[in-house]
Amino acid sequence: MIRSRSRALNRFLNLKSVLDDRPEAFRRHLIPPGDEDDFRIRAPRTGALPLWIESSLFMTDRYGLIRKEELRILLLYFLEMGSRGHIRISAEDLTEDFPLWAEPAWPGKLSLAGELADLVRGNPALFAELDAPGTAAIRYAPDFSCFYLLKKLRFERRFLELLKGFTGEQGALNFPEEQRSRIPSLYQTMKEEGAIPVGEETLRALDALLSSRLSVITGGPGTGKTTILAGLLTLFLSLHIKADGPMPEVRLCAPTGRAARRMEESMESLLREPSLSPSFVHPAQTLHKTLGVRPGRAPRFGEHRSLGADLIVVDEASMVDLNMMTLLLSAMKSGSRLILVGDRDQLPSVESGALLSDLLYRCDRKEQRLSGRVLSLTRVHRNSGAILEASRMVISGDSPAFSAFLEEPARREGGAESGYFLYAALSNQHTLLDELAGRFKSGVVSPGSRGFSESFREWEGCRKEIELFFDLYRRLVVLTPTRKGLFGSSALNRGIDRLLGSAAAPYHGRPLMIMRNDYERGLFNGDRGVVFSFSDGFYAFFEDGDGGYRAFPCALLEDVETAYAITIHKSQGSEYNEVLLLIPEGAERLLSREILYTGITRAREGVRLYASGVELLELCLSRGVRRMSGIREFMLSLASGE
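Keep in mind that what you see is a predicted model, and the values were worked out from it rather than measured.

## Considering the overall build of the protein chain
Scanning the protein chain from terminus to terminus reveals 28 helices and 20 strands. In the protein chain, which comprises 642 residues, the share counted as buried stands at 52%. For the protein chain, the exposed surface amounts to about 29,200 Å²; the carbon and sulfur share of it is 51%.

Printed below as a string of C-alpha cells:
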C-alpha cells in the first residue's frame, strides 16, 4: 500500500499541468521547511520505490565509508535500474542517464564526472571488481566501463556459460543423411495435401533445427510464425516415423498460461494426428510448470535432473526473462534442441533483460553465434494498410513521418481490408468513459439482445446471447500503458462498470480477466471470460477451445478483474478487430517505441489512438526499451575467437 501511494503521488507531482502551476501550499505540506535535504523526501521524485530508497539508506549507513550523500544516491540508481530490468549499468549510463534521473530530486547539483573511481574505491565493502572474491553487492570492470549487481552478474555468467553450448560450433548437431534424404518427398507430399501450409521458409527453419541445438523463428504479428512452426514440427517428426528408435519427445511451452493454451489450440491438428501424437506426452504448459518452479523451493528440473524432452518449443519468447531462460537451458538434456518463437520488437519481459532482442542482435553477420539459425519473417498476412504503415514508422523511430501520418486523413482512413488508423486528442476522463461505455453498449445491440441490463431466466436458449458478448470482446478492446492513474486500466474499468452495471458486484455482460493461474479449474493468467446472470445466480463463462463454454459460479473465482481495458503488457499474444489505444499524460516513464508498437499491432482492422499530446507520441518514438547486458557482446564473440 505504501509503495502504491508513493508511486501515485509521484505521478501526480510530475503531471505537466501540476508542473506548470505548482500547488505550493500542498508542496510545503509534504516537505516541511528545513527538511529539503532529507534523502527520503527527495528520492521519490526520481520515481524510485520506497523499497529501494530504504535499501540504499541501509547499505550506506552500514557499509559506507566516504561521501555518503553521493553514495546513497548512486546505490539507489543501481537498485532502481536493476528493478527496471537492466542486467548491467554502463559508464555511459552514469555520465548521461544518471544526471537526468537525479535531476528532479537534486537539480543541477549531481554529477559523477571524474569522481566515480574515488567514490567506488573508497567504499570497498560495497564495491569490488568483477572477479574479486567476497560478497560486495556492486561489481565493476577494472576500467569502470560497466557495473553489475552481484546477483545479476552471477545469473548472466551462468546463462552465457550455458548458452555457449547451444550456439556457435558447440551448438552444432549432425542429423543422419539417410533421414535427411527423405525431406524432399515429405515436403512435396505435405504441399500437395495442403492440410498444413509449407514453403521455402519452412525448409529453411527445418535446416536450422536439424543442424543446431538452438534456432529462432521471429517476425511481427501476422507474419505466419505459428503456421511455419506447425509445418516445421510436422516435417521434423515425420522424418522419425520410419526411423529406428522411439519418436522424439516434444514439449510446448510459453511464459504465461494463456499463451500456452493458445499455443496448444494452434497446434491442435498435430496433437490429434495419430502418427505424431506420441511425441506430445505433455500438453502445452507454462515454463514455470514445465520446470517445476515453486515459490520458496528449488525447481524440480535443473542441473541435477534434466527434462526428458528431445525438442522444446518456447512461444512468445520475447516475454521470457534471463532467470527463467537460465533455468530452462540448465534443465535440457545433452543433445536436445530448443526453438524460440517470438517478435523481437515487442515489449521484453517485465523481469531482467531483453533476451530475444539480445540473442538476435546483428544476427545477419557471419560472426554472430546464431548466424544461419534464425528465420526472420517480414511478410505480414494479418495487418495491412495504415496499421502496418504506422507500426513500421513507430518501430523505426521515424517521428516526423509518424506526425505527418497522423495529420493526413487520406492515409489514415480506410475500410477493414485496408486497416484504418484514427488519431484524436485524449479528452477528460468523464467524456472518455461515456464514449467507451457507448462503444461497448452499442456492440451488443441486435434484434432480441438483452444488452447489459437483463438476465437469463433459464440456461436453455441463451447460447446466441453468450456468443454475442464473446464476439464483442474479441472485436473491441481498450489498451493503456499502465494500471494506475485516471487513464489506467483499473480506473477505466471501474468507470465503465459504473456506467454499464455495477462497480461493486457482478452484472450481466461484464468481461473478466484471470489474474493468477488456477490449475484446479484450468484457468490461466490472462484468460478472458464474461459474466452472465441467471435465475440461480451469476456465472462466469470461458471458452473451452472446442467451440463450447465452461461456466463457474462467480463466487468461486479469485483474482479476477474487469477487462474492458487492459494493459498493453497483458495484451501481448492477443489480437482484436479494433483497438482503442490510450497514451495518457502521467505514464511518461513507461513510454517507448516497443509499447506503442505492441499496442498498434494488436489490431487486425483498425486502431483509434488517443493521446494527451503529440509530444507524448514523439517521446514514445524517441526511445526504445533499454535493457543493458553483456549478452550482445557475447553473441558477437566469435569474431574474437572466444
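The discussion continues.
## What to know about the pairing of strand β8 (residues 311-314)
Because side chains alternate across β8, one face comprises the buried residues Leu 311 and Val 313, and the other comprises Ile 312 and Val 314, equally buried. The pairing of strand β6 (residues 250-254) with β8 spans four bridges and is classified as parallel. Across the sheet, the residue bridging to Arg 251 is Ile 312, located in β8.

## A look at the pattern of salt bridges
Scanning the model with the defined rule gives 21 salt bridges in all. Notably, a salt bridge pairs Arg 180 with Asp 207, separated by 3.6 Å at the nearest N-O pair. Of the two residues, Arg 180 is situated in helix α10 (residues 177-180) and Asp 207 in helix α12 (residues 200-211); the sequence distance between them amounts to 27 residues. For Asp 207, a relative accessible area of 40% corresponds to the partly exposed category.

## Comments concerning the environment of Glu 303
Among the secondary structure elements, Glu 303 is positioned in the loop between α16 (287-291) and β8. Residues Glu 303 and Met 332, spaced 29 residues apart in sequence, show a C-alpha to C-alpha distance of 8.4 Å. In this structure, Glu 303 is in contact with Arg 158 and Ser 330, ignoring residues within four places of it in sequence. At a separation of 3.3 Å, a polar atom in the side chain of Glu 303 contacts the side chain of Arg 158.

## A short note on the packing of helix α19 (residues 385-396) against helix α26 (residues 593-600)
For any two helices packed against each other, the geometry is given by the interaxial angle and the distance between the axes. Their axes nearest at 9 Å, the elements α19 and α26 cross at an angle of 170°. The pairing of α19 with α26 is recorded here as roughly antiparallel in orientation. Along the contact surface, α19 presents Ile 387, Ser 391, Val 394, Ile 395 and Ser 396, while α26 presents Arg 593, Leu 596, Tyr 597 and Ile 600. Per-class residue counts for the contact of α19 with α26 are six nonpolar, two polar and one charged.

## Quick notes on the packing of aromatic side chains
Evaluated as defined, the whole model comprises 22 aromatic pairs. Both rings, one in Phe 39 and one in Trp 106, keep their centres 5.9 Å apart while their planes meet at 25°; by these two values the pair is stacked. Of the two residues, Phe 39 sits in helix α4 (residues 39-42) while Trp 106 sits in the loop between α7 (91-102) and α8 (116-121), which places them 67 residues apart along the sequence. Geometrically, the ring pair formed by Tyr 140 and Phe 147 is tilted, given 6.1 Å between the ring centres and 35° between the ring planes. An aromatic cluster is defined as three or more aromatic residues linked by ring pairs; in this entry it consists of Tyr 77, Phe 78, Phe 98, Trp 101, Phe 127, Tyr 140, Phe 144 and Phe 147. Over the ring of Phe 166 we find Arg 213, and its NZ or CZ is 3.9 Å from the ring centre. Looking at Arg 369, its charged tip hangs above the ring of Phe 634, at a distance of 4.3 Å from the centre.

## Re the sheet that holds β8
Read across the open sheet, the six strands follow the order β7-β6-β8-β9-β5-β10; overall the sheet is parallel. Both edges of this open sheet fall to β7 (285-286) and β10 (374-377), since each of them pairs with a single strand only.

## Thoughts on a positive patch on the surface
Taken together, the side chains of Arg 294, Arg 297, Arg 300 and Arg 305 present a region of like positive charge at the surface. Relative to the helices and strands, Arg 297 resides in the loop between α16 and β8. On the accessibility criterion, Arg 297 (56% relative accessible area) is exposed.

## Points about the nonpolar core
Ranked by internal contacts, the top residues of the largest apolar core, which has 42 residues, are Phe 159, Leu 328 and Leu 338. If one sorts the elements of this core by residue count, helix α17 (residues 322-331) sits on top with six residues. If we skip the residues at most four places from it in the chain, Phe 159 touches Leu 322, Met 325, Thr 326, Leu 329, Leu 355, Leu 359 and Ile 631. Listed in part, the 38 residues of the second largest apolar core include Tyr 187, Ala 205, Val 250 and Ala 260.

## Brief notes about helix α23 (residues 463-475)
Relative to the 18 Å expected for 13 residues at 1.5 Å per residue, α23 spans 18 Å between its end C-alpha atoms, a close match to the ideal helical length. Among the residues making up α23, those that are buried are Glu 465, Ile 466, Leu 468, Phe 469, Phe 470, Leu 472 and Tyr 473.

## Things to note about the side chain of Ser 336
Examined against the element boundaries, Ser 336 turns out to sit in the loop between α17 and β9 (337-342). Here Ser 336 falls in the buried class, since its relative accessible area comes to 1%. From its side chain, Ser 336 meets the backbone oxygen of Lys 333 in a polar contact 2.6 Å long. Every residue in contact with Ser 336, bar those within four places of it in the chain, is listed here: Phe 166, Arg 213, Ala 309 and Asp 310.

## Things to note about the sheet that holds strand β15 (residues 537-543)
Strands pair in a sheet through their backbones, by hydrogen bonds, and they do so in one of two ways: parallel or antiparallel. Spatially, β16-β15-β14-β13-β17 is the arrangement adopted by the five strands of the open sheet, whose pairing is antiparallel. Each of the sheet's edge strands pairs with one partner strand only, and the pair in question is β16 (549-553) and β17 (560-562). For this sheet the average axis-to-axis angle between neighbouring strands, irrespective of direction, equals 35°. As paired elements, β15 and β16 share five bridges and run antiparallel to each other. The residue of β16 that forms the bridge with Tyr 539 is Pro 553. In the packing of α23 onto the sheet, contacts are made with β13 (511-514), β14 (528-534), β15 and β16, and the angle to β14 comes to roughly 145°.

## Side note on the pairing of β13
Here β13 shows a buried face lined by Pro 511 and Met 513 and a second buried face lined by Leu 512 and Ile 514. In the sheet, β13 pairs with β14 via three bridges, with the strands oriented antiparallel. When the bridges of β14 are listed, Pro 511 appears paired with Val 530.

## Things to note about α7
Here α7 spans 16 Å end to end across twelve residues, near enough to the 16 Å set by a 1.5 Å rise per residue. Buried within α7 are the following residues: Asp 93, Leu 94, Phe 98, Trp 101 and Ala 102. Here the buried residues of α7 occupy an arc of 90° about the axis, which is enough to place them on one side. Summarising the geometry of α7, the exposed residues directed more than 90 degrees from the buried face are Thr 95, Glu 96 and Leu 100. Lining the buried residues of α7 we find α6 (68-83), β1 (88-90), α8 and β4 (146-149).

Definitions and cut-offs
- Residues numbered from 1 in each chain as written.
- Predicted model: local features only at pLDDT ≥ 70, side-chain atom pairs only at ≥ 80, totals over all residues.
- Heavy atoms only, no water.
- Helix = DSSP H or I, 4+ residues; strand = E, 2+ residues; numbered from the N terminus.
- Buried < 20%, exposed > 50% of the residue type's maximum accessible area, 1.4 Å probe, protein only.
- Areas by Shrake-Rupley, 256 points an atom, 1.4 Å probe, with all protein chains shown as cover.
- Pairing = 2+ DSSP bridges.
- Salt bridge = Lys/Arg side-chain N within 4 Å of Asp/Glu carboxyl O.
- Contact = heavy atoms within 4.5 Å.
- Polar contact = N/O pair within 3.5 Å; in protein donor to acceptor, adjacent residues only side chain to side chain.
- Axes fitted to C-alpha atoms, helices over the stretch in contact; angles between N-to-C directions.
- Parallel < 35°, antiparallel > 145°, perpendicular 65-115°, else oblique.
- Nonpolar A, V, L, I, M, F, W, Y, C, P; charged D, E, K, R; others polar.
- Phe/Tyr/Trp six-rings, centres within 6.5 Å; stacked < 30°, edge-to-face > 60°.
- Lys NZ or Arg CZ within 6 Å of the ring centre and 35° of its normal.
- Patch = residues over 30% accessible without salt bridge, like charges linked within 9 Å, V, L, I, M, F, W, Y side chains within 5 Å.
- Lys, Arg positive; Asp, Glu negative; His and termini not counted.
- Charge placed at Lys NZ, Arg CZ, Asp CG, Glu CD.
- Core = buried A, V, L, I, M, F, W, Y, C linked by side-chain atoms within 4.5 Å.
- Expected span 1.5 Å × (residues − 1).
- Arc of directions from axis to C-beta.

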